[in-house]
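Each chain, letter by letter, is given below.
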Amino acid sequence: MPNPGNLYEKALTPLKKAAAVLNLEPDVVEVLSNPERVLIVSIPTRMDNGKIKVFTGYRVQHNTARGPAKGGIRYHPGVCLDEVKSLAFWMSNKNAIVGVPFGGGKGGITCNPKEMSAGELERLTRGYAAAISKFVGVDQDIPAPDVGTNAQIMGWFVDEYCKIAGKSIPGVITAKPLDIGGSRGRGTATGRGAFFATLEAVKTYKIPLKGARVSIQGFGNVAQPIAKYLFDLGCRIIAVSDSTGGAFNAKGMHPEKLTKFKKKTRSVRGFPGSKEIETIDPITVDCDILIPAALEGQITKENADEVTAKLIVEEANGPTTPEADKILHEKGAIVVPDVLANAGGVTVSYFEWVQNRMGYYWSDEEVDEKLKKVMAKAFKEVYQNAKQYQVDTTLRTKRAETDLRTASYLTAVQKIVAAMQALGRI
Ligand code: GLU
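Quick notes on the rules
Residues numbered from 1 in each chain as written. Predicted model: local features only at pLDDT ≥ 70, side-chain atom pairs only at ≥ 80, totals over all residues. Heavy atoms only, no water. Helix = DSSP H or I, 4+ residues; strand = E, 2+ residues; numbered from the N terminus. Rg over C-alpha atoms; globule rule 2.2 N^0.38 Å. Buried < 20%, exposed > 50% of the residue type's maximum accessible area, 1.4 Å probe, protein only. Contact = heavy atoms within 4.5 Å. Lys, Arg positive; Asp, Glu negative; His and termini not counted. Charge placed at Lys NZ, Arg CZ, Asp CG, Glu CD. Near = heavy atom within 4 Å. Polar contact = N/O pair within 3.5 Å; in protein donor to acceptor, adjacent residues only side chain to side chain. Areas by Shrake-Rupley, 256 points an atom, 1.4 Å probe, with all protein chains shown as cover. Pairing = 2+ DSSP bridges. Axes fitted to C-alpha atoms, helices over the stretch in contact; angles between N-to-C directions.

Focus: the overall build of the chain
A tally of regular secondary structure across the chain gives 14 helices and 13 strands. A compact globule built from 426 residues should have a C-alpha radius of gyration of about 22 Å, and the chain, at 20 Å, falls within 12% of that. By its C-alpha atoms, the chain is 55 × 55 × 45 Å across when sized along the principal axes. Out of the 426 residues belonging to the chain, those deemed buried represent 58%. Pairs at least 24 residues apart make up 69% of the contacts formed inside the chain by residues separated by at least 6 positions. Distance between charge centres in the chain, computed from 56 positive and 46 negative side chains, equals 3 Å.

Printed below as a string of structure tokens:
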């Protein structure tokens with residue numbers, strides 16, 4: 001299951017570590033540990049068989065000191081309040097790390113989109129948009145896609161919202177189709193951003209890319225682009241998986257052929273020339289770079305010891321449990337944490353929001369150049385903070401606080417606290 005017990009408690013672990021380094025007052029930590037608003041809605045939805053099914057939807061606004069809440073909407077059978085709270089908390093930190101003027105939010109519906117028709121998904125989305133419409137808005141809370149949602153779902157959402165508002169407000173949601181105000185480059189932004197973060201990491205830690213063996217868990221929308229960019233620089237994609245299983249080939253697999261194969265067969269399993277592996281196997285296959293790009297809680301205390309990668313780039317949100325994080329750290333692995341590695345998606349979402357408000361649109365090149373700058377700056381800032389706060393970025397010592405994750409939270413928490421102070425909230 002995607003949600004191991006006490007997910008939210010576990011999500012707060014790096015905040016507590018950062019708070020200890022920064023000597024934050026316990027009451028401030030308490031404020032940061034609690035979301036500002038939690039919304040739970042029932043969404044009665046007419047199914048294709050004529051019956052009404054009631055789905056449960058969530059929207060959590062974790063912290064809005066730095067700006068309106070911002071974060072995706074997840075459609076998955078494992079969605080629950082604890083998960084959405086964790087995802088919203090991660091968004092507050094992620095948005096602060098890349099310096100976009102947003103707080104953190106997240107939404108979700110407990111459903112299985114893979115088993116629903118397009119019509120059912122549209123009615124569910126419109127019902128959800130109507131149910132949360134008073135709590136979202138271009139200056140209030142701006143959703144986007146996450147696991148199980150896509151540009152089409154954003155299109156239905158914005159349509160329903162604008163009908164209720166009685167006017168066109170495209171910036172209420174991001175990662176829309178291009179024809180209705182989506183930004184160029186948003187489709188590949190998470191992968192592109194993770195690639196830029198990877199480039200900074202390999203430069204900083206002197207890890208050779210040419211010939212590096214890359215293993216990816218979750219070969220979906222966010223992983224397919226980074227696989228291509230790394231392949232183009234001479235990496236070998238030796239293992240990939242999705243919810244149906246996986247494919248392994250020590251010689252490497254062509255990422256674009258893999259993407260085409262998955263599009264056709266809806267699975268990477270059975271990719272020509274590959275050996276079949278399980279969904280979880282890419283985590284522990286012998287490799288140099290590991291990219292967990294599926295769900296939370298995949299690298300655990302049970303399998304962390306078997307991870308061989310020197311560099312782990314977290315494209316998924318929360319793929320590593322705190323216990324596993326400690327094991328990886330002790331092994332000397334370098335983890336580019338989710339709140340930094342996958343922040344390219346929300347960064348281009350911010351660009352989309354800006355373009356929607358200006359009514360003036362940028363080219364692919366402009367978006368890419370701006371994204372690269374943001375990701376490089378964020379990585380450097382995290383690394384600088386690690387040094388300034390004596391976080392040992394060489395990871396040679398085994399002190400619990402000596403990792404890039406703690407350094408990322410140091411970066412984020414300082415910005416969020418500064419905003420709360422400036423507002424007089426603390
Ligand atoms: N769901 C994505 C994330 O976890 C994107 C959020 C956004 O673009 O607002 O970062």
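Overview of the site of the ligand
K70, K94, P145, D146 and S349 are the nearest of the 14 residues found near the ligand. In the environment of the ligand, an oxygen atom lies 2.7 Å from a nitrogen or oxygen atom belonging to the side chain of K94. Contacts to the ligand include N317, whose side-chain N or O atom sits 3.0 Å from an oxygen atom. Burial of the ligand by the protein chains amounts to 95% of its free accessible area of 290 Å². For the shell around the ligand, the elements supplying multiple residues, two or more each, are α4 (81-97) and α12 (344-358). It is α12 that provides the largest number of residues to the shell around the ligand, a total of 3 residues.

Some points on the sheet that holds strand β10 (residues 275-277)
Reading across from one edge, β10-β9-β8-β7-β11-β12-β13 is the order of the 7 strands in this open sheet, with mixed pairing throughout. Looking along the sheet, the strands with just one partner apiece sit at the ends: β10 and β13 (334-336). Adjacent strand axes in the sheet meet at a mean angle of 20°, parallel and antiparallel pairs treated alike. Inspection of the sheet shows strand β7 (residues 213-217) paired to strand β8 (residues 236-242) by 5 bridges, in the parallel sense. The partner of R213 across the bridge, within β8, is R236. Across the sheet, helix α7 (residues 189-205) lies against β12 (311-313) and β13, angled at about 160° from β12, the strand it touches most. Running over the sheet, helix α8 (residues 223-232) touches β7, β8 and β11 (289-292) and is turned about 175° from β7.

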